[in-house]
Amino acid sequence: MKRSSLWAGAALVGFVVLVAIVGFFWTPFSPTSNGPTPLAAPGWPHLLGTDAFGTDVLSRLMAGAKVVLLVGVLSVLGAAVVGVPLGMAAAMLPRWAGEIPARLADILYGFPALLLAILFAAALGGSTWTAVMAIGIATVPAFVRVARAATLQVVSQPFVEAAELAGVSRFVIAGRHVWPNIAPLVWVQASVSFGIAILSEAGLSYLGLGSGPDAPTWGRMLREAQDHLFSTPILALWPGLAVAIATLGFNLLGDGLRDVLDPRLRERP
Amino acid sequence: MKLVVDELSVRFGDTLAVDKVSFAVGETERLGIIGASGSGKSVTSLAIAGLLSETARVSGSIKFDGQELVGLRERDYRRLRGNRFSMIFQEPMTALDPTMRVGLQIAEAIALHDRRTGKRLTVEEELQRVGITDPGRVADSFPHQLSGGQRQRAMIAMAIVNKPDLVICDEPTTALDMVVQRNILHVLDDVLTDRAALFISHDLGVVREVCPRVIVMQEGHIVEEGPIDAVIAAPAHDYTARLVAAARGEL
Amino acid sequence: MKRLLIRLAWFAGSLLLASLLIFAATNWLPGDIASVLLGTNATPEAVAAKRVELGLDRPFLVRYLEWLGGVVSGDFGTSMINGRSVTATIAPRLEVSLWLVLFGTLGSLLLALPVGTFAAVRRRHLDGFVVSALSQIGLAVPAFWAGIWLVVLFAVRLQWLPAGGYVPYWESPAQWALHLILPVTALSIVQASVISRYVRTAVIDVLHTDYFRTARAIGWGKVGALWRHGLRNISISLLTVVGLQVATLLVGAIIIEQVFALPGLGSRLLLAVTQRDLVVVQGIVLVLVWAVLLINFLVDVAYQMLDPRLKREAT
């Protein structure tokens, strides 16, 4: 049982990443061009069948993994780069200045990624980039909160006080003492946020607000599959399964990391 | 005999918390169990009440009024708890539901075993019996609105409201200050009359106030047993001697 | 009282900030809406004229304050596409969204409480572990995917329920209920897995409390003690979690409306997005975000009033 969620999560994430990498260089068929046999059942040569345009479903799934990971990496990384320093500043600055980012994060916390994406898509037209921007901005508050709470704990410890008394600058303290101590929690948050980002991306592309019509995203595949629920319901199986596997992987990885990195949070027997 | 414990052992995984403990309590007898934390005294009391966590493995025999309690079905156990025997715990602040008025909690103890569904009058009578002068206000209060002494009195009222044959007191005065402790001991002395009681404490001085007979536990074993004055006058076991020495100041 | 006023001030501030963010997002972002609306063949003169017509030539702050003033008095402006009042466009669609969120919340609680409690009480047994694992999987499933499979099963295969559409309550209560069952279920299942995991943790905490032991000592069974004493202690913090989840539920509802072709705020919003009807988008997003903020505020206040321990400190 111990660490089982860490290993299960790592395995699932590893699998998705592997599929995305392979899909980057090679797919069994073209993921974008139409084929001669629409709505083929799973078999040979189309292992997972074909969609309404005769495109190979497996190839589209592999190409979709690439998009989902790209959106996830960019939005989560961007949110961390903005949110973590903000959170650290909120904890290390004098009270009044620190309150501002903390309160802003509280307000933004209720601002779902989808609504942001809708605003951006309305103003700019939907694309992979508006999706990344919306998911990224909506993820920032989570990092601010985590970094702030963790930093508050670190700065209350004697070695930080000692460094402050010795006249070490706040930036050096932040880099040398605070960051190494809060990094594990940031990684946990990144993994959890990644899971949420995948779900958000799927929702956005299902609504047609994410990547353009040519990009083979899992959400778009589900949207298209919905037109053939009476004849070929299995088309709705694979993309949803892919979303669930990827999200489950990152969620489990986050839980597992938390158990390993933060023993205080371990559940009571 | 009201309660006969025979070769009781309790095991949590690899650790043996209670090791072949045997003792008996008469119809109106009060037995003190004394020991440090981790000696197995609380585990013993919870084993009798059937409230150990499900990871505990219990063996041996516990006979209450001749009825075997080890392995008793939960449904039958439930009818005994709070009715035929009851418990008083250490920390009345956390032992009472913080979100429920005290009077309602006492009424609930009545209603669980009696179809009369805890009439308000009964609740206030019971509160008066345990020395509360304004039972109406106390019954209408949440636990945090009461003093430590009032809370513990309410706890005692809950325990005796169904006139149980046996009351298990698990460190009932430990969380209280000296003056309140003395008052609560008087209340207990009063309400435990004519029933059997098991009185668990780490404090020899407190046990001496209410119990004529005592057993001393250490690391899951009974190391000494006898009339309390004899035990204090001539402790036979090293551990008891140390307990007596530690309590010397108060005795 | 003073604390309530401070909270009220924060609430008003966040409403204002949210409105500013929404307005800025649709008005400041690059992308000239006038030329988008007129198409690629429009002459520069026509675009300039359209800008004046839409009032886009005036300063940002003036336009924001005008818009906000209108919103406060119930006027959300007029659609850029059909010239209809946005208020009149939104109002009839509130109903569907309201039912979805309301029943979605209730449904997820009805599911999550027993499931989370079971997972907590049976956590050392296989069945409890399986239930926990299922809720972990439920967390990873998009609500709209669950919705699609509910359609496949109950509408396509079994043909028990309609695959989509909506009938207002006053037309036919029975049809209304039938049309809401699947979307509400889809929303509830996914929400319930979030909440049930919280319930599980909270119930495990309760199982270790002294008051739970007391409840058992006076004769409650495990389930009875949880029902009578655990639930009321959990409920206060559960309220906060459910309140925070309302934002997720609203978003889920937007997508679910799409799956089941329900005429709610979400589907109108998406139509406005494809038409680039910024005034309608602004209006609906503002209603949704303000609703989230309002619910969080109410939950916060209710939390203060419900917890007798906090009540003492507040007075």
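Residues numbered from 1 in each chain as written. Chains lettered and ligands numbered in written order. Predicted model: local features only at pLDDT ≥ 70, side-chain atom pairs only at ≥ 80, totals over all residues. Heavy atoms only, no water.

Visitor: Sorry, what's going on with the overall build of chain B here?
Guide: Tallying secondary structure elements over chain B gives 11 helices and 10 strands in all. Dimensions of chain B, computed from C-alpha atoms along their principal axes, come out at roughly 50 × 45 × 30 Å. Restricting to contacts in chain B with at least 6 residues of sequence separation, those with at least 24 account for 67%. Summed over its atoms, the accessible surface of chain B is roughly 10,500 Å², and 49% of this surface lies on carbon and sulfur atoms. Looking at chain B, you have 29 positive and 35 negative side-chain charges, and the mean spots of the two groups are 5 Å apart. (Helix = DSSP H or I, 4+ residues; strand = E, 2+ residues; numbered from the N terminus. Contact = heavy atoms within 4.5 Å. Areas by Shrake-Rupley, 256 points an atom, 1.4 Å probe, with all protein chains shown as cover. Lys, Arg positive; Asp, Glu negative; His and termini not counted. Charge placed at Lys NZ, Arg CZ, Asp CG, Glu CD.)

Visitor: It is not clear to me how the environment of Arg276(C) should be interpreted in this structure. Could you clarify?
Guide: Residue and element names in this part refer to chain C. As for its placement among the helices and strands, Arg-276 is situated in the loop between α11 (265-275) and α12 (278-306). When its relative accessible area of 16% is taken as the criterion, Arg-276 is described as buried. The sequence separation of Arg-276 and Val-36 amounts to 240 residues, and the corresponding C-alpha distance is 7.9 Å. (Buried < 20%, exposed > 50% of the residue type's maximum accessible area, 1.4 Å probe, protein only.)

Visitor: Please explain the interface of chain B and chain C as it appears in this structure.
Guide: Interfaces are often described in size by the accessible area the parts lose on coming together. Listed as interface residues are 29 residues of chain B and, on the opposing side, 22 residues of chain C. Roughly 2,400 Å² of surface becomes buried between chain B and chain C when both sides are summed, with 57% attributable to carbon and sulfur atoms. When residues of chain B are sorted by the area they lose upon contact with chain C, Glu54(B), Thr99(B) and His144(B) head the list and together hold 24% of the total. The shortest N-O distance in the salt bridge between Arg228(C) and Glu108(B) comes to 2.4 Å. Summed over the shared surface of chain B and chain C, the number is 14 residue pairs in polar contact (both at pLDDT 80 or more). Elements with a minimum of two residues in the side of chain B that touches chain C: α2 (74-80), α3 (92-95), α4 (102-111) and α7 (148-160) of chain B. No other element matches α4(B), which puts 4 residues into the side of chain B that touches chain C. Residue composition of the side of chain B that touches chain C, grouped by class: 14 nonpolar, 8 polar and 7 charged. (Buried area = accessible area lost by both parts, 1.4 Å probe. Salt bridge = Lys/Arg side-chain N within 4 Å of Asp/Glu carboxyl O. Polar contact = N/O pair within 3.5 Å; in protein donor to acceptor, adjacent residues only side chain to side chain. Nonpolar A, V, L, I, M, F, W, Y, C, P; charged D, E, K, R; others polar.)

Visitor: Could you clarify how one ought to interpret the arrangement of the chains in this entry?
Guide: Of all 2 pairs of chains that touch, the greatest number of contacts is found between chains A and C. For the non-touching pair chain A and chain B, the nearest C-alpha separation works out to 9 Å.

Visitor: Help me understand the pattern of salt bridges in this model?
Guide: Opposite charge on two side chains permits pairing when their charged atoms draw close. In the structure shown here, the tally under the stated rule is 26 salt bridges over all chains. Residues Arg81(B) and Glu74(B) are paired through a salt bridge, measuring 3.2 Å at the closest nitrogen-oxygen approach. Note that Asp300(C) is salt-bridged to Arg7(C), the shortest N-O span being 2.3 Å. With Asp300(C) in helix α12 and Arg7(C) in helix α1 (residues 2-28), this pair connects stretches of sequence that are 293 residues apart.

Visitor: Looking at this structure, I do not really get the sheet that holds strand β1 (residues 3-12) of chain B. What am I missing?
Guide: Working definition: the strands of a sheet are paired by backbone hydrogen bonds and lie parallel or antiparallel to each other. All names here are of chain B. Pairing in this open sheet of 4 strands is antiparallel, and the strands run β2-β1-β4-β5 from one edge to the other. The strands lining the two open edges of the sheet, one partner per strand, are β2 (15-25) and β5 (67-68). In terms of strand pairing, β1 meets strand β4 (residues 56-64) through 8 bridges, oriented antiparallel. From the neighbouring strand, Asp-6 faces β4, where its bridge partner is Ser-61. Packing against the sheet, helix α1 (residues 41-49) makes contact with β1, β2 and β4, and its axis sits at approximately 110 degrees to β1. (Pairing = 2+ DSSP bridges. Axes fitted to C-alpha atoms, helices over the stretch in contact; angles between N-to-C directions.)

Visitor: Would you explain the confidence of the model for chain B in this entry?
Guide: Low pLDDT marks stretches whose predicted atomic positions should not be read closely. Chain-level pLDDT for chain B is 87 on average; 96% of the residues reach the 70-or-more range. Scoring the predicted complex yields pTM 0.85 and, for the interface, ipTM 0.89. (pLDDT = per-residue confidence, 0-100.)

Visitor: Looking at this structure, I do not really get the domain arrangement of chain B. What am I missing?
Guide: All names here are of chain B. Along its sequence, chain B is organised into domain 1 (3-84 + 165-250) and domain 2 (98-163). Computed from C-alpha atoms alone, the centre-to-centre distance between domain 1 and domain 2 is 25 Å. Contacts between domain 1 and domain 2 engage 16 residues on the former and 11 residues on the latter. Across the domain 1/domain 2 interface, buried area totals approximately 1,200 Å², and carbon plus sulfur atoms make up 59% of it. The tally of links between domain 1 and domain 2 comes to 0 salt bridges. At the boundary of domain 1 and domain 2, one finds 3 residue pairs in polar contact (both at pLDDT 80 or more). Counting residues per element, the ones that place at least two in the side of domain 1 that touches domain 2 are α2 and α8 (178-191). In terms of residue count, α8 provides more of the side of domain 1 that touches domain 2 than any other element does, 7 residues in total. (Domains from an automatic or database assignment.)

Visitor: Quick question: what am I supposed to make of the pairing of strand β10 (residues 221-227) of chain B here?
Guide: Consecutive residues of a regular strand have side chains that alternate between opposite faces of the sheet. Residue and element names in this part refer to chain B. Bridging between strand β9 (residues 213-218) and β10 involves 6 bridges; their strand directions are antiparallel. When the sheet's bridge partners are listed, Met-217 is paired in β10 with Ile-222. If you look at the hairpin formed by β9 and β10, you'll find 2 residues sitting between the two strands, and Glu-219 has a positive phi there, around 45 degrees.

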